[in-house]
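Structure assessment
Listed here are the chains, written in short residue letters.
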Amino acid sequence: MTAPETTQAMRIVVAEDETIIRLDIVETLTAQGYEVVGVADNGQRAVEMVHELAPDVVLMDISMPVMDGISATRQISEQSLAPVVILTAFSQRDLIDQATQAGAMSYIVKPFSETDLVPAIELAKARYEQLVALEAEVSDLSTRFETRKMVDQAKTLLMHKLEITEPEAFRWIQKTSMDRRLTMKDVAQTVLEQLGNPS
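Residues numbered from 1 in each chain as written. Predicted model: local features only at pLDDT ≥ 70, side-chain atom pairs only at ≥ 80, totals over all residues. Heavy atoms only, no water.

With respect to the pairing of strand β3 (residues 57–61)
Our working rule: Only protein chains enter the accessibility calculation, which uses a 1.4 Å probe; a residue whose area is less than 20% of its type maximum is buried, one above 50% is exposed, and one in between is partly exposed. Numbered from the N terminus, helices here are DSSP runs of H or I no shorter than four residues, and strands are runs of E no shorter than two. The rule for pairing is simple: two strands pair if DSSP sees at least two bridges between them. Look down the strands so they point away from you; if going from the first strand over the helix to the second traces a clockwise path, that crossover is right-handed.
In terms of burial, β3 is largely enclosed, as 5 of its 5 residues are buried. Here β3 shows a buried face lined by Val57, Leu59 and Asp61 and a second buried face lined by Val58 and Met60. The pairing of strand β1 (residues 11–15) with β3 spans 4 bridges and is classified as parallel. Looking at β3, one finds that alanine 15 is bridged to methionine 60. Where β3 and strand β4 (residues 84–88) come together, 4 bridges link them in parallel fashion. Bridge pairing in β4 places aspartate 61 opposite leucine 87. Crossover handedness for the path β3 to helix α3 (residues 69–78) to β4: right-handed.

Listed below in structure tokens is the structure:
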């Protein structure tokens, strides 16, 4: 499985404190056509690199010295710098939930293969782009959260009813909002009213 063909390779920062794992990830990403623009061995350095290099995606280990991956993810997410894919050796639900609350867009449980890596990166990038589009539409923070929740529910419904992928469902909402000159929240609300709330 290779990264989708684009005019420019997706730029990635890898944050992992274990050297062998880090080298393995870099090698796998490079083989898949991604460009690794920076590697960090702690969370603090990862945040600095994201500021310096403006990558398309960050792969972030949870357990790292100086600053852990969850705190680093929170800093990156709060400033809307890049989508983060969390790498964790623990399949514990609470850590994955913490990472999601901190703003991680997807996660991978170690040990993983390259077939796990590519979809997680692509999903994180797609979700992040959706978030940026929503944020551009809604400036108020509480309204933004409410809109995001509603759009997520509408996406779930559309995916189920139309048997389409998450990015396709989002594009449908986005296109409908542009075509009908409605906000994405209005479109999501209509979807929920007409198709019923997801169970």
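From this point on, the discussion continues.
With respect to the environment of glycine 43
Along the chain, glycine 43 turns up in helix α2 (residues 43–53). For glycine 43 and serine 71, which are 28 residues apart along the polypeptide, the C-alpha to C-alpha distance reads 7.6 Å.

Let's talk about the nonpolar core
Convention followed: Throughout, nonpolar core names a set of buried Ala, Val, Leu, Ile, Met, Phe, Trp, Tyr and Cys residues whose side chains join them through atoms within 4.5 Å. In this analysis, two residues are considered to be in contact whenever any of their non-hydrogen atoms come within 4.5 Å of each other.
By size, the foremost hydrophobic cluster in this structure holds 22 residues, and its most contacted members are Ala15, Val58, Met60, Ile70, Ile76, Val84 and Ile86. Breaking this core down by element, the ones donating at least two residues are β1, α2, β3, α3, β4 and α4 (93–101). Examining the composition of this core, we find that 4 residues originate from one element, α2, more than from any other. Those residues within four positions of isoleucine 76 in sequence are excluded, and the remaining contacts are Val47, Val50, Met60, Leu81, Ala82 and Val84. Within the second largest apolar cluster, 19 residues are counted, among which are Tyr34, Met105, Ile108 and Leu131.

Here we look at α3
For the record, the criterion: Regarding the arc, it is the one traced by the directions from the helix axis to the C-beta atoms.
Buried within α3 are the following residues: Gly69, Ile70, Ala72, Thr73 and Ile76. Taken end-on, α3 shows its buried residues confined to a sector of 160°, consistent with a single buried face. Serine 80 occupies a position one or two residues after α3 and carries a positive phi of about 50°.

Brief notes about helix α1 (residues 19–31)
Selection rule: Here a helix's expected span is defined as the number of its residues, less one, multiplied by 1.5 Å.
Taking 1.5 Å per residue as the helical rise, α1 with its 13 residues ought to reach 18 Å, and the 18 Å between its terminal C-alpha atoms agrees with that figure. For α1, the set of buried residues is Arg22, Ile25, Thr28 and Leu29. Down the axis of α1, the sector holding all buried residues measures 130°, keeping them to one side. The exposed residues of α1 that point more than 90 degrees off its buried face are Ile20, Leu23, Glu27 and Ala31. Phi turns positive one or two residues past the end of α1, at glycine 33, with a value near 95°.

By themselves, these observations are geometric and do not establish any function.
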